[in-house]
Amino acid sequence: MHLARFKAEPAIFAAPGRVNLIGEHTDYAEGFVMPAAIDFATLAAISPRADGGIAIYSENFGDERFFQAAGLPTAAVGHWSDYPLGVLAILAGKGHKIPGFSLSLWGDVPLGSGLSSSAAVEVATALAVLSLIGVSYSGAILARICQRAENEFVGASSGIMDQFISANGAENHALLLDCRDLSYKLVPLPHDTALVIANTMVKHAVSGSEYTARRAEVEEACAAIAHHRPEVRFLRDATLDDLERWGGEMPPNALKRARHVITENQRTVAAADALLRCDLTETGRLMAAAHWSYSHDFEASCPEADAMVELAQDLPGLIGARLTGGGFGGCTINLVDRRNAPAFAERLAGRYEARVRIHPEIHICRASGGARRVELGALTGKS
Ligand code: GLA
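Reading the values: the criteria
Residues numbered from 1 in each chain as written. Predicted model: local features only at pLDDT ≥ 70, side-chain atom pairs only at ≥ 80, totals over all residues. Heavy atoms only, no water. Near = heavy atom within 4 Å. Polar contact = N/O pair within 3.5 Å; in protein donor to acceptor, adjacent residues only side chain to side chain. Areas by Shrake-Rupley, 256 points an atom, 1.4 Å probe, with all protein chains shown as cover. 1 Å grid on protein atoms, 1.4 Å probe; cavity = no way out; pocket = protein on both sides within 12 Å on 5 of 7 lines; lining within 4 Å. Sits in = over half its atoms within 2 Å of the grid points. Nonpolar A, V, L, I, M, F, W, Y, C, P; charged D, E, K, R; others polar. Axes fitted to C-alpha atoms, helices over the stretch in contact; angles between N-to-C directions. Helix = DSSP H or I, 4+ residues; strand = E, 2+ residues; numbered from the N terminus. Parallel < 35°, antiparallel > 145°, perpendicular 65-115°, else oblique. Left-handed = near helix turned anticlockwise from the far one by under 90°. Contact = heavy atoms within 4.5 Å. Phe/Tyr/Trp six-rings, centres within 6.5 Å; stacked < 30°, edge-to-face > 60°. Buried < 20%, exposed > 50% of the residue type's maximum accessible area, 1.4 Å probe, protein only. Lys NZ or Arg CZ within 6 Å of the ring centre and 35° of its normal. Core = buried A, V, L, I, M, F, W, Y, C linked by side-chain atoms within 4.5 Å. Expected span 1.5 Å × (residues − 1). Pairing = 2+ DSSP bridges.

Chemist: I would appreciate a short explanation of the site of the ligand in the present structure.
Modeler: Around the ligand, the surrounding shell holds 14 residues, and the nearest of these are Glu24, His25, Asp27, Asp162 and Tyr211. At 2.7 Å, a backbone N or O of His25 approaches an oxygen atom of the ligand. A distance of 2.6 Å is found between an oxygen atom of the ligand and a side-chain nitrogen or oxygen belonging to Tyr211. A total of 300 Å² of accessible area belongs to the ligand in isolation, and the protein chains cover 99% of it. The site holding the ligand turns out to be the largest cavity. Split into classes, the residues belonging to the shell around the ligand amount to four nonpolar, six polar and four charged.

Printed below as a string of structure tokens:
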């Protein structure tokens, strides 16, 4: 499509969406997360232009925008183009001269489902534009640039997880990320397991007020502890003992949010250990505990997601299930024995529809590689 629209052969880049196995709302508290990149991605096709113009076309929205490289917007307007424009704004702010180009975006990451479609757009755009400028950054810096685009331009107060896994994911692996120093460990997923992603069809938005409200409560709890222990800069540094001593000095909801974050950090590190030992029983137990905490202490679930998790429990092949992503809707992640995955998906869909009266989309995914350049020949009909 790029060639036909812009009459120029593009270079093409792909950046995946993600599913988070465990570690929710811990990234901005400098804690631990364990996501995996999935086999849904955004493709960004780019070619240079000599007229100093920047054309950005979204195949998904069937919409093209045109700007002058010398006069790019400096603020978001609540449009799909905010995401690529945010990346350009951050790159320009870092001192890169943005040349004219045509960019086509196409993606199959379901939108607004908690699978990081926006991070995939940002990372694919950043890779494409950087290649045009002739600059290459490490995956960690690439992720920071894209997170800044989301925080500073789009105006969503998200952490680093989504952009980091999109940039750094590895095939057949989850990634245990320490959001303090961005060091990470790749954790192999047993080859006979599948990532079954069940979309509740309840819309999720990170820019939503609920996400921001939870983040504020987490920060409020942290400040109450830091009052006594100034070395606690983020909840990553706090312990359950701190909550016992000073929990009474924070609003009850802040205490519950903090209990989720502190215990979630422990569960996330423990789940990586369990997976490395191939202890799937323990992995599943930790995922169940994480869902309970997310639903009851963090109160970021919704009746539909709780139903999707509950209805999976006694289906053959299930290892563990929980709501994944920013919360308040979106998808559950089910770690499932691969041989059982198709029957599992079918039965879960049937049960959910019978209970909730909504037809869910269920995807059987694999952990895929992170953002990369792709060759035209490897794609059919997508370029
Ligand atoms: C969204 C944000 C992430 C992270 C998760 C919750 O996906 O973009 O940074 O905070 O929610 O774990």
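Chemist: Looking at this structure, how should I read the packing of helix H10 (residues 303-312) against helix H11 (residues 341-356)?
Modeler: The angle between the axes and the distance between the axes are what describe a pair of packed helices. Axis separation between H10 and H11 bottoms out at 10 Å; the angle between their running directions is 135°. Relative to H11, the element H10 is oriented oblique. Crossing angle aside, the handedness with which H10 passes H11 is right-handed. Listed contacts from H11 to Glu304, Ala307, Met308, Glu310, Leu311 and Ala312 of H10 are Phe344, Leu348, Arg351, Tyr352, Arg355 and Val356. A class-by-class count of the residues in the contact of H10 with H11 yields eight nonpolar, no polar and four charged.

Chemist: Could you clarify how one ought to interpret the side chain of Asp82 in this entry?
Modeler: Relative to the helices and strands, Asp82 is located in helix H2 (residues 82-93). Among the polar contacts made by the side chain of Asp82, one reaches the main-chain amide nitrogen of Val77 at a distance of 3.0 Å. With sequence-adjacent residues up to four places away left out, Asp82 is seen in contact with Ala76, Val77, Phe153 and Val154.

Chemist: Sorry, what's going on with the packing of aromatic side chains here?
Modeler: Pairs of aromatic rings are described using the distance from one ring centre to the other and the angle between the two planes. All chains considered together, the criterion is met by four aromatic pairs. Aromatic side chains Phe61 and Trp80 sit 6.1 Å apart centroid to centroid with 5° between the ring planes, which places their arrangement in the stacked category. Of this pair, Phe61 sits in the loop between strand S3 (53-58) and strand S4 (63-68) while Trp80 sits in the loop between S4 and H2, and the two are 19 residues apart along the sequence. For Trp80, a relative accessible area of 12% corresponds to the buried category. Ring geometry for Tyr294 against Phe298: centres 5.9 Å apart, planes inclined by 20°, an arrangement best described as stacked. Directly above the aromatic system of Tyr57 lies the positively charged group of Arg5, at a separation of 3.6 Å from the ring centroid.

Chemist: How should I be thinking about the nonpolar core in this particular structure?
Modeler: Side chains of nonpolar character tend, in soluble globular proteins, to be buried together. Of all hydrophobic cores here, the largest spans 35 residues; its most connected members are Ile46, Ile54, Ile56, Leu88, Phe101 and Leu103. Among the secondary structure elements, those contributing two or more residues to this core are strand S1 (11-22), strand S2 (32-48), S3, H2, strand S5 (101-107), helix H3 (117-133) and helix H4 (139-154). The biggest single contributor to this core is H3, with eight residues. Counting residues in hydrophobic clusters, the runner-up holds 29 residues, among them Ile22, Phe40, Val109 and Ile197.

Chemist: Just to check I follow, could you spell out helix H6 (residues 209-226) for this structure?
Modeler: The α-helix advances 3.6 residues per turn, and as a result positions three or four apart in sequence lie on the same side. For H6, spanning 18 residues, the distance from its first C-alpha to its last is 25 Å, which sits close to the expected 26 Å at 1.5 Å a residue. Within H6, burial applies to Tyr211, Arg214, Arg215, Glu217, Val218, Ala221, Cys222, Ala224 and Ile225. Packed against the buried residues of H6 are helix H7 (240-246) and helix H8 (252-276).

Chemist: Please clarify how the packing of H3 against helix H5 (residues 161-168) should be interpreted in this entry.
Modeler: The contact between H3 and H5 brings their axes to 9 Å, and the two run at 55°. The angle between H3 and H5 places the two elements in the oblique class. Considering how the two elements wind past one another, H3 and H5 form a crossing that is right-handed. In contact with Ala119, Ala120, Glu122 and Val123 of H3, H5 contributes Asp162, Gln163, Ser166 and Ala167. Looking at the contact of H3 with H5, its residues break down into four nonpolar, two polar and two charged.

Chemist: In this structure, what is going on with the sheet that holds strand S11 (residues 361-365)? I would like to understand it.
Modeler: Two modes of strand pairing occur in sheets, parallel and antiparallel, and in both the strands are linked by backbone hydrogen bonds. Sheet architecture is open: four strands sit in the order S9-S10-S8-S11, paired in antiparallel fashion. The sheet is open, and its two borders are formed by strand S9 (318-323) and S11, each paired with just one other strand. With strand direction ignored, the average angle separating the axes of adjacent strands in the sheet is 20°. Pairing geometry for S9 and strand S10 (residues 331-337), over five bridges, is antiparallel. Bridged to Arg322 within S10 is Ile333. Sitting on the sheet, H10 touches strand S8 (193-199), S9 and S10, and the angle it makes with S9 is about 175°.

Chemist: Before we go on, may I ask you to explain the environment of Ser166 in this structure?
Modeler: By secondary structure assignment, the location of Ser166 is in helix H5. Residues Ser166 and Pro188, 22 residues apart in the sequence, show an inter-C-alpha distance of 17 Å.

Chemist: For this particular structure, what's the right way to read unusual backbone geometry?
Modeler: Backbone phi values are negative for most residues with the exception of glycine, while trans is the configuration of most peptide bonds. Within the chain, His25 stands out as a residue other than glycine whose phi angle is a positive 60°. Residue His25 is classed as buried on the basis of its relative accessible area of 5%. Phi angles above zero are rare outside glycine, and Asn172 is one such case at about 60°. Within the fold, Asn172 resides in the loop between H5 and strand S6 (173-178).

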